[in-house]
Amino acid sequence: MSSQEQTQSNAELEIETEIQSERSDRETRADEPVLEVRELDVHYGDERALQPVNADIPEKKVTAIIGPSGCGKSTFLRCVNRMNDQIDVCSVGGELYFHGKNVYDDDVDPVALRRKIGQVFQRPNPFPKSIYDNVAYGLRIQGKTDDLDTRVERALRRAALWSEVEDRLDESALDLSGGQQQRLCIARAIAPDPEVLLMDEPASALDPIATAKVEDLIEDLAENYTVVIVTHNMQQAARISDKTAVFLTGGELVEFDDTTTIFENPANQAVEDYITGKFG
Amino acid sequence: MSRWAYRAELRDLREELLAMSDLVCEALQRALDSLEERDAALARRVIEGDDEINERYLAIEGHCTELIARQQPVAGDMRFVVATFKISTDLERIGDLARNLATYATRGERHAYPEVDAGTIGRHVLAMVREAVAAYAAEDPSACYTVAERDAEIDRLCEAASGIVVRDLLAERGPDESAESLLADASRLFLTIRDLERVGDHAVNVAARTLYMVEGNDDLLA
């Protein structure tokens, strides 16, 4: 091993140790759900967007949220990292606990919360910067600039993009294909090493091959992160998720169970009707 | 394919299975009659009719495969398609067994073992198949359990019938019975009893798949 490779390897080891140290705290709470939702409801002005929701989101699993348009699934997702705070008319009631701490408590900093609960959106939205700078962006803001190269490479590897961009990291992210841009956004989201990744229809703007790559990636990501994904594509939910939450019209969480149960033998007739196409 | 056309396809699949079950029950009925009456002509009709049952089975298999490929059914629809496919396999096997039974009927007169009442066992298993198919048609879970419970009686009757043949073989028959015809009779009877017992097993499978289809309940799946 050359001295350069040795230095690289040591840096990787140090970052891994740092991350493992952060994780050790999490693992002492292993049996607890990472997110506990209690009577969470949302209003836009006078209009109720979400009826009281109760759910436990398991750690390091993929939880899919499905339902017809306007059923509140994206509204629910935005509640998790308080993205709804940015909508003036939106009011949120109830509690949403992240490792036992209500994220709506007054002393919670939404920006700090979003470092722990990252988000990937429907349309790839890379910054008009280089591939490298996109991934490094959040790390620089957090001051994690030591061994930046190693951290960027690590995030790109985890996002299954490294082999496609390693020799053009200085090129504009906007020159990547749609599928590559979305994986870059995933790399950007995981670079600061969040615990939870929220994904709002992350593959709906992609072609089938790019979709398959993102789906494979989501399953891999669940080894290290808790993934909550909103999708209109029921087959996608069936393919990649461990748990599925079904919201139906009126913003009601009608059924939340193991994905196999939801797609093989759901308990609720309205859920059965929705997923078999008899409703919605 | 529109959602309306998709639902029509599911209804068509159900009708295809019921039509196939009618053919299978008719074949089994005729096979039992040919055994009882030693009617070689009727037996040959059963044997020749098996090709049509096989064709129906392949058509249902193709229909299920297409529905899975193009519609990706889930929940109750998925259970229906999977159960229908599996039941068609059981019905096809019952058709094969009916052909076997008809074949035994073409192989000469029965000389020995008048006390072995294969006809009664046959009537029992035919009734089981009909009840299992009726449970599928009516989506009736309790009828599925009734079919499964009847299988114990079939097993008991088959065991008793086999016992009679074995005991007679061991005791040897009188000088009027040639060893060759005795052995041929015994073999045919063993095969008949075995095949009837298998028909009963397939009827239970039909009931088990129907129970899964209706309730997602795998209680009766072995």
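Refer to the structure above for everything that follows.
Every value quoted in this text rests on a predicted model; they were computed, and no experiment measured them.

(A) Quick look at the overall build of chain B. From N to C terminus, chain B includes six helices and zero strands. With the C-alpha coordinates aligned to their principal axes, the bounding extent of chain B is approximately 75 × 35 × 20 Å. In chain B, which comprises 222 residues, the share counted as buried stands at 46%. Distance between charge centres in chain B, computed from 26 positive and 44 negative side chains, equals 2 Å.

(B) View of the overall build of chain A. When helices and strands are tallied, chain A shows 11 helices and 10 strands. A burial count over chain A gives 51% of its 280 residues as buried. Contacts in chain A between residues far apart in sequence, at least 24 positions, make up 68% of those at least 6 positions apart. For chain A, the exposed area adds up to about 12,600 Å²; of that, 45% sits on carbon and sulfur atoms.

(C) Seen up close, the nonpolar core. By size, the foremost hydrophobic cluster in this structure holds 61 residues, and its most contacted members are B:Leu28, B:Leu91, B:Leu101 and B:Val129. Sorting the residues of this core by element identifies helix H1 (3-37), helix H2 (40-71), helix H3 (75-105), helix H4 (118-138), helix H5 (141-171) and helix H6 (179-215) of chain B as the ones contributing at least two each. Per-element accounting of this core gives the leading share, 13 residues, to H1(B). Listed in part, the 51 residues of the second largest apolar core include A:Leu169, A:Ala173, A:Ala203 and A:Ile229.

(D) Main features of helix H2 (residues 73-80) of chain A. All names here are of chain A. By the criterion of burial, H2 is predominantly enclosed, with seven of the eight residues buried. For H2, the complete set of buried residues consists of Lys 73, Ser 74, Thr 75, Phe 76, Leu 77, Cys 79 and Val 80. A positive backbone phi angle near 60 degrees is found at Arg 82, which sits one or two residues after H2.

(E) Fine view of the interface of chain B and chain A. In this assembly, 13 residues from chain B lie in contact with 11 residues from chain A. Buried surface at the junction of chain B and chain A, both sides included, amounts to about 910 Å², of which 46% is carbon and sulfur. Taken together, the connections running from chain B to chain A amount to seven residue pairs in polar contact (both at pLDDT 80 or more). Listing elements by their share of the side of chain B that touches chain A, those giving two or more residues are H1, H3 and H6 of chain B. For the side of chain B that touches chain A, the element with the highest residue contribution is H3(B), accounting for five residues. Partitioning the side of chain B that touches chain A into residue classes produces five nonpolar, three polar and five charged.

(F) Inspection of the packing of aromatic side chains at higher detail. Residues and elements named next belong to chain A. Under the definition given, this model contains two aromatic pairs over all chains. The interplanar angle of 40 degrees and the centroid separation of 5.6 Å between the aromatic rings of Phe 76 and Phe 247 together place this pair among those described as tilted. Of this pair, Phe 76 sits in helix H2 while Phe 247 is found in strand S9 (residues 243-248), placing the two residues 171 residues apart along the sequence. The exposure classification of Phe 76 matches that of Phe 247, with both residues buried. When the centroid spacing of 4.6 Å and the interplanar angle of 55 degrees are considered together, the rings of Phe 127 and Tyr 137 count as tilted. Highlighted residues: Phe 127 in the loop between strand S6 (117-120) and helix H4 (131-141) and Tyr 137 in helix H4, separated in sequence by 10 residues. The cationic tip of Arg 188 hangs over the ring face of Phe 127; the distance from NZ or CZ to the ring centre is 4.1 Å. Just above the ring of Phe 256 sits the side chain of Lys 243; from NZ or CZ to the centre is 5.6 Å.

(G) Quick peek at the sheet that holds S9(A). Residue and element names in this part refer to chain A. Taken in spatial order, the six strands make up an open sheet running S6-S7-S8-S3-S9-S10, and their pairing is mixed. Edge positions in the sheet fall to S6 and strand S10 (252-258), since each has one partner strand and no second. With direction set aside, neighbouring strand axes in the sheet form an average angle of 15 degrees. Relative to the sheet, H2 contacts strand S3 (62-66), S6, strand S7 (196-200), strand S8 (226-230) and S9, its axis offset from that of S7 by approximately 155 degrees. Against the sheet, helix H7 (residues 178-190) makes contact with S6 and S7, and its axis sits at roughly 170 degrees relative to S6, the strand it touches most.

(H) Region of the structure containing the sheet that holds strand S4 (residues 90-98) of chain A. Residue and element names in this part refer to chain A. Pairing in this open sheet of four strands is antiparallel, and the strands run S2-S1-S4-S5 from one edge to the other. On the outer flanks of this sheet lie strand S2 (47-57) and strand S5 (101-102), each paired with one strand and no other. H2 contacts strand S1 (35-44), S2 and S4 of the sheet and is inclined by roughly 120 degrees relative to S1.

(I) How the structure looks around the packing of H1(B) against H4(B). Residues and elements named next belong to chain B. Where H1 contacts H4, the axes come no closer than 10 Å and their chain directions differ by 175 degrees. Considering the angle they form, H1 stands roughly antiparallel to H4. Facing Arg 14, Leu 17, Leu 18, Ser 21, Cys 25, Leu 28, Gln 29, Leu 32 and Glu 36 of H1, the residues of H4 in contact are Gly 119, Gly 122, Arg 123, Leu 126, Val 129, Arg 130, Val 133, Tyr 136 and Ala 137. Taken together, the residues of the contact of H1 with H4 sort by class into 10 nonpolar, four polar and four charged.

(J) Spotlight on H5(B). For H5(B), which comprises 31 residues, the first-to-last C-alpha distance of 47 Å matches the rise-based estimate of 45 Å (1.5 Å per residue) to within 8%. B:Pro141, B:Cys144, B:Val147, B:Asp151, B:Ile154, B:Leu157, B:Cys158, B:Ala161, B:Gly163, B:Val165 and B:Asp168 are the residues of H5(B) that are buried.

(K) Examining the pattern of salt bridges more closely. The final tally for this structure, using the stated rule, is 24 salt bridges over all chains. Here A:Arg48 ties to A:Asp41 by a salt bridge, and the two come within 3.2 Å at their closest N and O atoms. Relative accessible area serves as the criterion here: at 40%, A:Arg48 is assigned to the partly exposed category. With a shortest N-O distance of 2.9 Å, A:Asp133 and A:Arg140 are connected by a salt bridge. Classification of A:Asp133 by relative accessible area gives partly exposed; the value is 26%. A single network of salt bridges, built from pairs that share partners, joins B:Asp50, B:Arg93, B:Asp96 and B:Arg99.

Conventions used here
Residues numbered from 1 in each chain as written. Chains lettered and ligands numbered in written order. Predicted model: local features only at pLDDT ≥ 70, side-chain atom pairs only at ≥ 80, totals over all residues. Heavy atoms only, no water. Helix = DSSP H or I, 4+ residues; strand = E, 2+ residues; numbered from the N terminus. Buried < 20%, exposed > 50% of the residue type's maximum accessible area, 1.4 Å probe, protein only. Lys, Arg positive; Asp, Glu negative; His and termini not counted. Charge placed at Lys NZ, Arg CZ, Asp CG, Glu CD. Contact = heavy atoms within 4.5 Å. Areas by Shrake-Rupley, 256 points an atom, 1.4 Å probe, with all protein chains shown as cover. Core = buried A, V, L, I, M, F, W, Y, C linked by side-chain atoms within 4.5 Å. Buried area = accessible area lost by both parts, 1.4 Å probe. Polar contact = N/O pair within 3.5 Å; in protein donor to acceptor, adjacent residues only side chain to side chain. Nonpolar A, V, L, I, M, F, W, Y, C, P; charged D, E, K, R; others polar. Phe/Tyr/Trp six-rings, centres within 6.5 Å; stacked < 30°, edge-to-face > 60°. Lys NZ or Arg CZ within 6 Å of the ring centre and 35° of its normal. Pairing = 2+ DSSP bridges. Axes fitted to C-alpha atoms, helices over the stretch in contact; angles between N-to-C directions. Parallel < 35°, antiparallel > 145°, perpendicular 65-115°, else oblique. Expected span 1.5 Å × (residues − 1). Salt bridge = Lys/Arg side-chain N within 4 Å of Asp/Glu carboxyl O.

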